[in-house]
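Residue-level structure breakdown
As a plain string of letters, each chain reads:
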There are 2 protein chains.
Amino acid sequence: MARIPFDEHARFVRSLLAPLGARPTERVSLQHALGRITASPVESAIDLPPFRNSQMDGVAVRAADVAGAPVDLPVAGESAAAPGTPAALAAGTAMRIMTGAPVPEGADAVVPVEDTEPVGDGSARVRVLRGRDAGEYVREAGSDLRAGADVLPAGIRLESRHLAAAAASGRTELLVRERLRVAVVSTGSELVEPGAELGPGELPDANGVALRAAVAAAGAVVVHAGRVRDDVARLRAELDAAVDAGAELILTSGGISQGAYEVVRELIEPNGGWVGSVAMQPGGPQATGIHRGVPLIAFPGNPVSAQLSFALFVAPSLRAIAGLPAAPTERMPLAGPVRSIAGRRQFLRGRRTADGLAEPVGGPGSHLVAALAASELLIVIPDDAEAVAAGELVDTVFL
Amino acid sequence: MARIPFDEHARFVRSLLAPLGARPTERVSLQHALGRITASPVESAIDLPPFRNSQMDGVAVRAADVAGAPVDLPVAGESAAAPGTPAALAAGTAMRIMTGAPVPEGADAVVPVEDTEPVGDGSARVRVLRGRDAGEYVREAGSDLRAGADVLPAGIRLESRHLAAAAASGRTELLVRERLRVAVVSTGSELVEPGAELGPGELPDANGVALRAAVAAAGAVVVHAGRVRDDVARLRAELDAAVDAGAELILTSGGISQGAYEVVRELIEPNGGWVGSVAMQPGGPQATGIHRGVPLIAFPGNPVSAQLSFALFVAPSLRAIAGLPAAPTERMPLAGPVRSIAGRRQFLRGRRTADGLAEPVGGPGSHLVAALAASELLIVIPDDAEAVAAGELVDTVFL
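Residues numbered from 1 in each chain as written. Chains lettered and ligands numbered in written order. Predicted model: local features only at pLDDT ≥ 70, side-chain atom pairs only at ≥ 80, totals over all residues. Heavy atoms only, no water.

With that settled, consider the domain arrangement of chain A. By the assigned domains, chain A splits into domain 1 (3-23 + 179-321), domain 2 (25-48 + 143-177), domain 3 (53-139) and domain 4 (329-398). One C-alpha centre belongs to domain 1 of chain A, the other to domain 3 of chain A, and the line joining them spans 69 Å. (Domains from an automatic or database assignment.)

Here is the structure:
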């Protein structure tokens with residue numbers, strides 16, 4: 001069977017997922033909005049600051065009354081940072097005021113406490129040592145932002161400082177893009193729940209756990225997860241359940257090789273799905289289809305192949321949809337020589353050495369999940385290379 | 001009041017939080033383990049692979065029987081990737097076998113399907129075109145990893161590939177470090193729930209929302225959140241509730257300035273807490289204390305000051321405890337001249353221009369939450385600088 005080039009399959013999967021980028025929107029409360037993407041600009045519901053207030057601890061005055069400082073003024077009460085409206089300031093008086101407290105009507109300046117001194121015990125009179133112009137240390141209502149002005153743009157991923165701005169501007173809910181709803185289905189009669197006692201010929205289902213976690217890490221949400229044995233009717237029922245659960249994308253593992261009992265192949269090929277081989281290692285067998293209108297991306301059953309296939313073909317689109325940055329890539333020198341098969345793009349599991357070299361971890365065999373776990377990056381050996389020498393620059397993709 | 005240097009306060013807060021790094025451990029299921037830190041090495045519960053299996057689709061044979069290939073052999077059944085044990089292979093016969101399926105007793109090699117051809121309709125006999133040595137395309141049980149060998153080390157932050165390795169090795173639960181349990185308490189009589197109708201002198205409580213989200217983003221978990229007016233008895237009750245909820249660290253905002261009604265100051269100073277001023281802008285007032293044995297870090301009430309104080313003093317320790325990387329820092333040239341106050345370290349909100357310059361966003365005033373929201377980094381103006389010219393290199397910390 002002919003193998004299609006890696007880039008061609010990557011482009012096809014990307015085009016299959018592209019329509020999912022047009023997300024519906026939903027309203028979420030601020031406390032559930034961390035990491036979500038704004039679907040519209042957020043306008044302030046209120047003036048910021050909402051009322052005229054003091055920038056300093058000190059006394060609120062009329063600037064005209066302190067122009068000839070030093071001057072003694074009678075103290076007429078105080079304004080604290082607390083609900084309520086302070087009394088108006090009578091001409092020729094001063095009012096104690098706290099940072100952030102409302103500036104009383106009649107006052108037009110605040111004299112900081114360090115420019116004052118008490119007269120007597122200070123309870124009744126204050127000496128203002130330095131004059132202030134009208135407006136000094138007074139923040140006018142709306143001077144930061146007017147009600148209706150934009151506090152946040154559309155399309156940003158919400159971090160704590162964005163939530164602070166939304167909260168300060170009187171918002172309690174935000175319009176965000178819905179997260180992509182994904183179903184993950186493992187196929188294979190040999191698979192059992194991880195941790196279960198293994199009978200002869202049985203294997204723990206590593207793909208279910210790994211793909212669910214990888215989907216979450218890529219900013220989507222798993223709405224359905226299942227595991228089916230090699231039985232087409234059961235697989236169809238499982239995919240139906242995934243669609244009924246609202247899945248917008250279905251990911252499967254297993255069942256797409258050349259052997260017998262290839263259930264994903266048997267289900268999707270008659271419905272126009274594509275099942276074939278991509279010129280890559282690991283992860284050659286790949287498939288795509290549509291189940292009841294929902295795109296389906298099928299990975300090989302081998303856990304390393306399935307994880308790399310997800311990381312290479314699906315994660316980039318999911319991360320973009322979720323507003324997450326792309327996985328970092330870097331060109332670095334290879335730590336030692338490697339051999340490859342011309343005509344296939346090889347992805348070696350590796351790590352970066354202390355010297356900044358890309359060093360393979362474990363062998364090129366595709367069954368070593370522990371080696372993948374010990375890796376931090378993939379080393380990309382180009383399609384046509386039969387060997388790459390130590391020190392040559394290679395592309396790497398961080399996991 | 002004397003101001004203590006920024007670095008001194010940072011060091012003191014770090015030392016107050018250091019004992020929290022010795023985390024208790026807990027067991028979590030694989031599906032809840034994403035992002036957690038392993039507390040011990042994870043040993044494989046089983047041999048990997050758990051049984052001797054085939055690396056290819058093809059036929060299982062005795063190598064001795066195909067040494068003289070081409071050779072025709074009778075086909076005796078098949079072995080699929082499914083539960084159960086295949087029958088033993090009789091000498092002089094072949095058994096169809098799928099990738100990953102158990103290799104039958106008696107067989108010692110697998111001939112890939114492309115090195116075979118059917119004899120007649122292929123149902124009864126197969127022609128092996130090429131001989132194979134004993135062991136070829138056969139994965140022995142435990143050849144990847146023996147039961148009891150380490151699959152994952154202690155102290156790593158679990159990503160999907162680590163969960164896959166744990167699952168494949170028969171683990172269903174992992175021993176991880178408990179997440180740090182944090183309480184967040186806003187103080188200020190003027191504060192109301194964001195979104196509530198504002199009366200005169202009232203403000204939305206932005207700090208509660210922002211600090212809860214920032215704690216979560218730093219890998220800790222908020223176990224108690226509250227808001228109290230400027231009343232020491234109520235604050236004490238709120239902090240008691242936080243301790244009763246299991247908080248190991250309490251963060252407060254507001255109530256530590258020089259004015260009247262400074263409730264955090266009034267509560268912690270008599271108990272040996274420190275309330276003072278740090279030579280920094282924004283965020284000068286800072287405080288630390290202990291409430292019923294639980295460390296308390298108090299931030300100013302201004303939302304920008306509170307968020308920056310968290311990011312600069314607390315987030316680094318929390319991220320380290322959670323195994324998250326430190327916030328990236330970078331030296332870059334300043335986009336335009338800035339002025340500063342000698343004797344204070346200034347943190348300007350900024351962004352990186354397309355040309356790689358650090359450009360301030362908004363003014364140096366500390367009340368502009370929208371400017372902080374629009375920032376992506378903090379520009380650090382050194383303690384003793386009164387001015388920094390355009391083009392000079394400055395430290396930046398990414399938010």
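Here the narrative resumes.
The next thing to look at is the pattern of salt bridges. For the structure shown, the criterion picks out 44 salt bridges over all chains. A salt bridge links B:Arg292 to B:Asp240; its shortest N-O distance comes to 3.2 Å. Highlighted residues: B:Arg292 in the loop between strand 21 (285-291) and strand 22 (294-299) and B:Asp240 in helix 4 (residues 232-244), separated in sequence by 52 residues. A residue is classified by how much of its surface remains accessible, and B:Asp240, at 22% relative accessible area, is partly exposed. Overlapping salt bridges, with partners in common, bring together A:Arg23, A:Glu178, A:Arg181 and A:Glu248 in one network. (Salt bridge = Lys/Arg side-chain N within 4 Å of Asp/Glu carboxyl O. Helix = DSSP H or I, 4+ residues; strand = E, 2+ residues; numbered from the N terminus. Buried < 20%, exposed > 50% of the residue type's maximum accessible area, 1.4 Å probe, protein only.)

Moving on: the relation of the copies chain B and chain A. With an axial shift of 0.0 Å and an RMSD of 0.1 Å, the rotation relating chain B to chain A amounts to 180 degrees. Considering both components of the superposition, the chain copies are consistent with a two-fold axis. Interface residue correspondence from chain B to chain A reaches 100%, placing this contact among same-surface, isologous pairings. (Least-squares fit on C-alpha atoms with pLDDT ≥ 70 in both. Contact = heavy atoms within 4.5 Å.)

Ranked by internal contacts, the top residues of the largest apolar core, which has 59 residues, are A:Leu249, A:Phe310 and A:Val314. Among the elements that line this core, the one with the most residues is helix 6 (residues 303-321) of chain A, at 10 residues. Leaving out residues up to four positions away in the same chain, A:Phe310 has contacts with A:Leu211, A:Ala214, A:Val215, A:Ala218, A:Leu251, A:Phe299, A:Ala315, A:Pro316 and A:Leu318. Counting residues in each nonpolar core, the second largest holds 58 residues, with B:Leu251, B:Leu312, B:Ala370 and B:Leu378 among its members. (Core = buried A, V, L, I, M, F, W, Y, C linked by side-chain atoms within 4.5 Å.)

Interface size, as often reported, equals the accessible area lost upon joining of the parts. Contact residues are listed per partner, giving 66 residues for chain B and 67 residues for chain A. Interface area for chain B against chain A, summed over the two sides, is near 5,000 Å², with a carbon-plus-sulfur share of 66%. At the junction of chain B with chain A, the criterion picks out zero salt bridges. Run the count over chain B and chain A and you get eight residue pairs in polar contact (both at pLDDT 80 or more). Looking at the side of chain B that touches chain A, the elements with two or more residues in it are strand 12 (150-152), helix 2 (160-168), strand 16 (203-204), helix 3 (206-217) and helix 7 (369-373) of chain B. In terms of residue count, the dominant contributor to the side of chain B that touches chain A is helix 2 of chain B (eight residues). Classifying every residue of the side of chain B that touches chain A by side-chain character gives 39 nonpolar, 15 polar and 12 charged. (Buried area = accessible area lost by both parts, 1.4 Å probe. Polar contact = N/O pair within 3.5 Å; in protein donor to acceptor, adjacent residues only side chain to side chain. Nonpolar A, V, L, I, M, F, W, Y, C, P; charged D, E, K, R; others polar.)

Now for the environment of B:Leu348. All names here are of chain B. By the element assignment, Leu348 lies in strand 25 (residues 345-352). Leu348 sits in the buried class, given a relative accessible area of 7%. With 76 residues separating them in the primary sequence, Leu348 and Gly272 have C-alpha atoms 33 Å apart.

All names here are of chain B. Strand order across the open sheet formed by six strands is 8-5-7-6-10-9, with mixed pairing between neighbours. If you trace the sheet from one side to the other, it starts and ends with strand 8 (109-112) and strand 9 (116-119), each paired once. Going across the sheet, the axis of each strand differs from the next one's by a mean of 40 degrees, ignoring polarity. (Pairing = 2+ DSSP bridges. Axes fitted to C-alpha atoms, helices over the stretch in contact; angles between N-to-C directions.)

Residues and elements named next belong to chain B. In contact at an axis separation of 10 Å, helix 3 and helix 6 (residues 303-321) are set at 20 degrees when each is read in the N-to-C sense. Classed by the angle they form, the pair helix 3 and helix 6 counts as roughly parallel. Considering only the axes of helix 3 and helix 6, their crossing is right-handed. Between helix 3 and helix 6, the contacting residues are Ala206, Asn207, Ala210, Leu211, Ala214, Val215 and Ala217 on the first element and Pro303, Ala306, Gln307, Phe310 and Arg319 on the second. (Parallel < 35°, antiparallel > 145°, perpendicular 65-115°, else oblique. Left-handed = near helix turned anticlockwise from the far one by under 90°.)

What follows concerns the packing of helix 3 (residues 206-217) of chain A against helix 2 of chain B. Relative to each other, helix 3 of chain A and helix 2 of chain B sit at 165 degrees, their axes nearing to 8 Å. As the angle between them shows, helix 3 of chain A and helix 2 of chain B are arranged roughly antiparallel. At the point where helix 3 of chain A passes helix 2 of chain B, the crossing takes the right-handed sense. When helix 3 of chain A is examined against helix 2 of chain B, the residues A:Ala206, A:Val209, A:Ala210, A:Ala213 and A:Ala214 are found in contact with a partner set consisting of B:Ser160, B:Leu163, B:Ala164, B:Ala167 and B:Ala168. Along the lines of polarity and charge, the residues of the contact of helix 3 of chain A with helix 2 of chain B split into nine nonpolar, one polar and no charged.

Let us now look at the pairing of strand 29 (residues 393-398) of chain A. All names here are of chain A. Residues Val394, Thr396 and Phe398 point to one face of strand 29 and are all buried, whereas Leu393, Asp395 and Val397, pointing to the other face, are not buried. Two strands pair when backbone bridges link them, and strand 23 (residues 329-333) and strand 29 are joined in this way by five bridges, in the antiparallel orientation. Its bridge partner being in strand 29, Thr329 is matched across the sheet by Val397. Here four bridges tie strand 27 (residues 377-381) to strand 29, and the two strands are oriented antiparallel to one another. Counterpart to Leu378 in the pairing with strand 29 is Val397.

Along any regular strand the residues' side chains alternate between the sheet's two faces. Residues and elements named next belong to chain B. Buried residues dominate strand 18 (residues 249-253), accounting for five of its five residues. With burial as the criterion, each face of strand 18 is covered, one bearing Leu249, Leu251 and Ser253 and the other bearing Ile250 and Thr252. For strand 14 (residues 181-187) and strand 18, the ladder comprises five bridges, and the chain directions are parallel. Residue Ser186 lies in a different strand from strand 18, and its bridge partner there is Ser253. Where strand 18 meets strand 22, four bridges bridge the pair, whose relative direction is parallel. Along strand 22, the bridge assignment pairs Thr252 with Ala298.

A few words now on the side chain of B:His162. For B:His162, the location among the structural elements is in helix 2. Looking at B:His162, the relative accessible area reads 6%, which means it is buried. Reaching out from B:His162, the side chain makes a polar contact with the backbone oxygen of A:Ala373 at a distance of 3.0 Å. A distance of 3.5 Å separates the side chain of B:His162 from the backbone oxygen of B:Arg157, its partner in a polar contact. Excluding residues within four positions of it along the chain, B:His162 makes contact with A:Ala373, B:Leu152, B:Ile156 and B:Arg157.

The next subject is unusual backbone geometry. Residues and elements named next belong to chain B. In this chain, Ala69 is followed by Pro70 through a cis amide linkage whose omega measures 5 degrees. Considering the arrangement of structural elements, one finds Pro70 in the loop between strand 5 (58-61) and strand 6 (71-79). Looking along the chain, the bond that leaves Gln281 and enters Pro282 is cis, with omega of 0 degrees. Summarising the element assignment, Pro282 is placed in the loop between strand 20 (280-281) and strand 21.

Let us look at the packing of aromatic side chains. Under the criterion given, the structure shown has six aromatic pairs over all chains. On the basis of an interplanar angle of 50 degrees and a centroid distance of 5.1 Å, the ring pair of A:Phe6 and A:Phe347 is categorised as tilted. Residue A:Phe6 is found in helix 1 (residues 6-17), and its partner A:Phe347 is found in strand 25 (residues 345-352); the two are separated by 341 residues along the sequence. Consider the rings of B:Phe299 and B:Phe310, whose centres lie 6.4 Å apart with planes at 85 degrees: the pair is edge-to-face. Taken as a pair, B:Phe299 in strand 22 and B:Phe310 in helix 6 lie far apart in primary sequence, 11 residues in all. The exposure class of B:Phe299 is buried, given its relative accessible area of 0%. Here B:Phe310 falls in the buried class, since its relative accessible area comes to 4%. Among the aromatic residues, those joined into a cluster by ring pairs are A:Phe6, A:Phe313 and A:Phe347. (Phe/Tyr/Trp six-rings, centres within 6.5 Å; stacked < 30°, edge-to-face > 60°.)

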